[in-house]
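# Overview (structure and organization)
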Amino acid sequence: MTTSRMNPKVDEFLSKAKKWKEEYEKLRQIVLDCELTEEFKWMHPCYTFEEKNIVLIHGFKDYCALLFHKGALLQDTHGFLIQQTENVQAARQIRFTHVQEIVEMEPILKAYIHKAIEVEKAGLEVNFKQNAELVIPEELQNKFEENPALKNAFEALTPGRQRAYLLYFSQPKQSKTRESRIDKYMQQILDGKGLND
């Protein structure tokens, strides 16, 4: 591991890590062996190839992970890549709970990192799903039926605005909460405005 490619901000991040320290250090060594540039983005060690994000190291309560920015494009021959939530379209994680797992998986991890670099070299992009595949919550569907003007106004919004509303309206687990969110923003939709306008 060449120390010249090590970023002092990552050294600082590791020195403060209370959990997953050993795991982070092992992941760092593996990634640096793959000739990537070490940076510090989004408060985490991030590794780039020609200024394109390849992989990020991050930790949660129950696991730490290697996050592949374009993981959706990798051939997951071992079935290790995990989609963090259904709204995450491009990134995929490989999760760990113990440094031993990382040590045992080192050759596989390096193979995945090299595949991720190849994806960048080839200029491949993730095809993000369009709104047709976003689910319209039942509560909004009901409002559309009661108020066709609302449906027309919603469909006239840009895809990005529609998506933001759909994600925001779908988040709450309780129907009542979803409905109150929709009620709150109905006038804004009718006015042709987005969630944050």
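Here, the structure is the one placed above.
Residue numbers restart at each chain and count upward from 1, following the sequence in its written direction. Where local features are concerned, this predicted model is filtered to residues with pLDDT of at least 70; where side-chain atom pairs are given and counted, the filter is 80 or more; whole-chain, interface and lining totals use all residues. Remark: hydrogens and water are excluded; side-chain values derive from all non-hydrogen atoms of the structure.

### Details of the pairing of strand S1 (residues 37-41)
The side chains of a regular strand alternate between both faces of the sheet. Strand pairing is assigned whenever DSSP identifies at least 2 bridges connecting the two strands. Numbering goes from the N terminus for both helices and strands, where a helix is a DSSP run of H or I of at least four residues and a strand is a run of E of at least two. Across five bridges, S1 lies against strand S2 (residues 44-49) in antiparallel orientation. Its bridge partner lying in S2, Glu-38 is registered against Tyr-47. Linking two consecutive strands that pair antiparallel, namely S1 and S2, is a turn of two residues; a positive phi of about 50° is found at Trp-42 within it.

### Here we look at the pairing of S2
Throughout, exposure labels follow a simple rule: accessible area from a 1.4 Å probe, protein chains only, divided by the maximum for the residue type, with under 20% read as buried, over 50% as exposed, and the rest as partly exposed. The element S2 is largely enclosed, with a buried count of five among its six residues. Summarising the sheet, S2 and strand S3 (residues 52-59) pair through four bridges and their orientation is antiparallel. By the bridge assignment for S3, Cys-46 is matched with Leu-56. As consecutive antiparallel partners, S2 and S3 are separated by two residues, and within that stretch Glu-50 has a phi angle of approximately 50°, a positive value.

### Some details on the side chain of Gln-188
As for its placement among the helices and strands, Gln-188 is situated in helix H7 (residues 175-190). Definition of a polar contact: a pair of N or O atoms within 3.5 Å, with one able to donate and the other able to accept a hydrogen when the atoms are protein atoms, and with sequence-neighbouring residues admitted only if both atoms are side-chain atoms. Among the polar contacts made by the side chain of Gln-188, one reaches the main-chain carbonyl oxygen of Gly-194 at a distance of 2.7 Å. Contacts are assigned to residue pairs with any non-hydrogen atoms lying within 4.5 Å of each other. Ignoring sequence-local partners within four residues, the contact set of Gln-188 consists of Tyr-165, Lys-193, Gly-194, Leu-195 and Asp-197.

### What about helix H5 (residues 148-156)?
Looking only at H5, the buried set comprises Leu-150, Ala-153 and Phe-154. The arc that holds the buried residues of H5, viewed along the axis, is 100°, so those residues lie on one side. Facing away from the buried side of H5, by more than 90 degrees, are the exposed residues Pro-148 and Ala-156. In this structure, the buried residues of H5 make contact with helix H4 (138-146), helix H6 (159-170) and H7. Taken from the helix axis, the directions to the C-beta atoms give the arc we talk about.

### So, the packing of helix H2 (residues 21-33) against helix H3 (residues 99-121)
Two elements in contact, H2 and H3, have axes whose closest approach is 10 Å; the angle formed by their N-to-C orientations is 25°. It follows from the interaxial angle that H2 and H3 lie roughly parallel. Relative to H3, the crossing made by H2 is right-handed. Each of Glu-22, Glu-23, Lys-26, Leu-27, Gln-29, Ile-30, Val-31 and Asp-33 in H2 lies in contact with H3, whose residues at this interface are Val-99, Ile-102, Val-103, Glu-106, Leu-109, Lys-110 and Ile-113. What counts as an axis is a line fitted to C-alpha atoms, over the stretch in contact for a helix, and the angles between N-to-C directions run from 0 to 180 degrees. Any angle that is under 35 degrees is reported as roughly parallel, and any over 145 degrees as roughly antiparallel; angles of 65 to 115 degrees are reported as roughly perpendicular and all others as oblique. Two helices that cross are described as forming a left-handed crossing if the nearer one is turned anticlockwise from the farther one by less than a right angle, and a right-handed crossing if clockwise.

### Details of the packing of aromatic side chains
Pairing of aromatic side chains requires ring centres within 6.5 Å, counting the rings of Phe and Tyr and the six-membered ring of Trp. Pairs whose planes differ by under 30 degrees are stacked, by over 60 edge-to-face, and all others tilted. Scanning the entire structure with this criterion turns up 12 aromatic pairs. Seen from their ring centres, Tyr-168 and Phe-169 are 6.1 Å apart, and the 50° between their planes marks the pair as tilted. Judged by relative accessible area, which is 22%, Tyr-168 ranks as partly exposed. Seen in terms of ring centroids, Phe-169 and Tyr-185 are 6.5 Å apart; in terms of plane orientation they differ by 50°. Their pairing is tilted. Of this pair, Phe-169 sits in helix H6 while Tyr-185 sits in helix H7, placing them 16 residues apart in sequence. Judged by relative accessible area, which is 0%, Phe-169 ranks as buried. For Tyr-185, a relative accessible area of 14% translates into the label buried.

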